Amino acid sequence: MKFIKMQGLGNDYVYVDTFAQQVQEPEKLAVRISRPHYGVGADGLILIGPSDRADARMRIFNADGSEAEMCGNGLRCTARYLYASGRVPRTDMTIETGGGLRAARVVLENGQIRAVRADMGEPVLDAPRIPVNGCGNRVFVPLSDGTLREFLCVSMGNPHAVLFAQEASREWCLENGPLVERDAHFPMRTNVEFVRVLSRGHLQAFVWERGSGATLACGTGACASLVAAVLSGLAGRRARVDLPGGALEIEWQQSDNHVYMAGPAEVCFTGDWPGGD
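Residues numbered from 1 in each chain as written. Predicted model: local features only at pLDDT ≥ 70, side-chain atom pairs only at ≥ 80, totals over all residues. Heavy atoms only, no water.

*Asks:* If you had to explain the nonpolar core to someone new, which residues and values would you point to?
*Replies:* Residues Tyr15, Met93, Met120, Leu226, Leu243, Ile250 and Val259 are the most contacted members of the largest nonpolar core, which totals 55 residues. In terms of residues, this core owes the most to one element, helix H4 (residues 219-231), which gives eight residues. With near-sequence residues (within four places) excluded, tyrosine 15 lies in contact with Phe3, Ile4, Met6, Ile46, Ile48, Asn73, Gly74, Cys77 and Thr78. If you look at the next biggest cluster of nonpolar residues, it comprises 22 residues, including Val124, Val141, Cys173 and Val180. (Core = buried A, V, L, I, M, F, W, Y, C linked by side-chain atoms within 4.5 Å. Buried < 20%, exposed > 50% of the residue type's maximum accessible area, 1.4 Å probe, protein only. Helix = DSSP H or I, 4+ residues; strand = E, 2+ residues; numbered from the N terminus. Contact = heavy atoms within 4.5 Å.)

So this is what it looks like as structure tokens:
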């Protein structure tokens, strides 16, 4: 089985082109191929294949084998692959995901791929659709120190819970991410963002990804962080979001209520997986 490993700000996945080859039991493959030292090592597995609704379809499997609805960095890398491989000979394309159809544009500079800009759609704030158990999309969740902290919940095609705290750090993320991910408020579990507000146009986020753990970046998490910051009166509708792996430019437009994300998508290497399973 041929694969390509790509990353967006260090959020790395193994990608398989299922236009050309079949993958049996992708849930099991995701676990094996994602393991550092024993596999390729990645945050998960993404399959790129045909769609009857869009230019292509992407399926995302976390490192624990669970299937996710959306992945912003994965969406950008998928768009890059589709253009660079010639599967889609246009810079503008539509990609089917578990969270719905998403539009992406490959940004060229002197004929080279410089970045990918993606329309991440409208944020979902309705608690049952996120989903969140409770009376609304703001819930209090206990942290490891026993304190109850307020999380603002948003879906960007997948669920997110965002906490604003000036003491937010990667250590905080590692300690509290697993607790929040599996809290009873979240029937489908949740991605978690611990966010520091540096200015109204600059956020810093540490992400615990559902099914993968602490990652260097999360595109949907950056989008959810900006939406939550705007709703909390902490930021304007356009901001830079710093993640451990780098920065994304996020904009929540008033005109169409869509969130737009721009950032890099890069190839690490290609290879062959023996046996294809």
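*Asks:* Let's hear about unusual backbone geometry: which residues, and what values?
*Replies:* The omega torsion across isoleucine 130 and proline 131 is -5 degrees, close enough to zero to call that bond cis. Checked against the element boundaries, proline 131 lands in the loop between strand S8 (112-119) and strand S9 (138-142). Of note, leucine 9 is a non-glycine position whose phi angle comes to about 60 degrees, a positive value. Relative to the helices and strands, leucine 9 resides in the loop between strand S1 (2-8) and strand S2 (11-17). For leucine 9, a relative accessible area of 10% puts it in the buried group. Phi at asparagine 257 takes a positive value of approximately 65 degrees, unusual for a residue other than glycine. With respect to the helices, strands and loops of the structure, asparagine 257 is situated in the loop between strand S16 (246-252) and strand S17 (259-263). Here asparagine 257 falls in the partly exposed class, since its relative accessible area comes to 26%.

*Asks:* Summarise the packing of aromatic side chains; cite the residues concerned and give the values.
*Replies:* All chains considered together, the criterion is met by four aromatic pairs. Ring centres 6.2 Å apart and planes at 80 degrees place the aromatic pair phenylalanine 3 and phenylalanine 269 in the edge-to-face group. Of the two residues, phenylalanine 3 sits in strand S1 while phenylalanine 269 sits in strand S18 (residues 266-272), which places them 266 residues apart along the sequence. With relative accessibility at 9%, the residue phenylalanine 3 sits in the buried group. (Phe/Tyr/Trp six-rings, centres within 6.5 Å; stacked < 30°, edge-to-face > 60°.)

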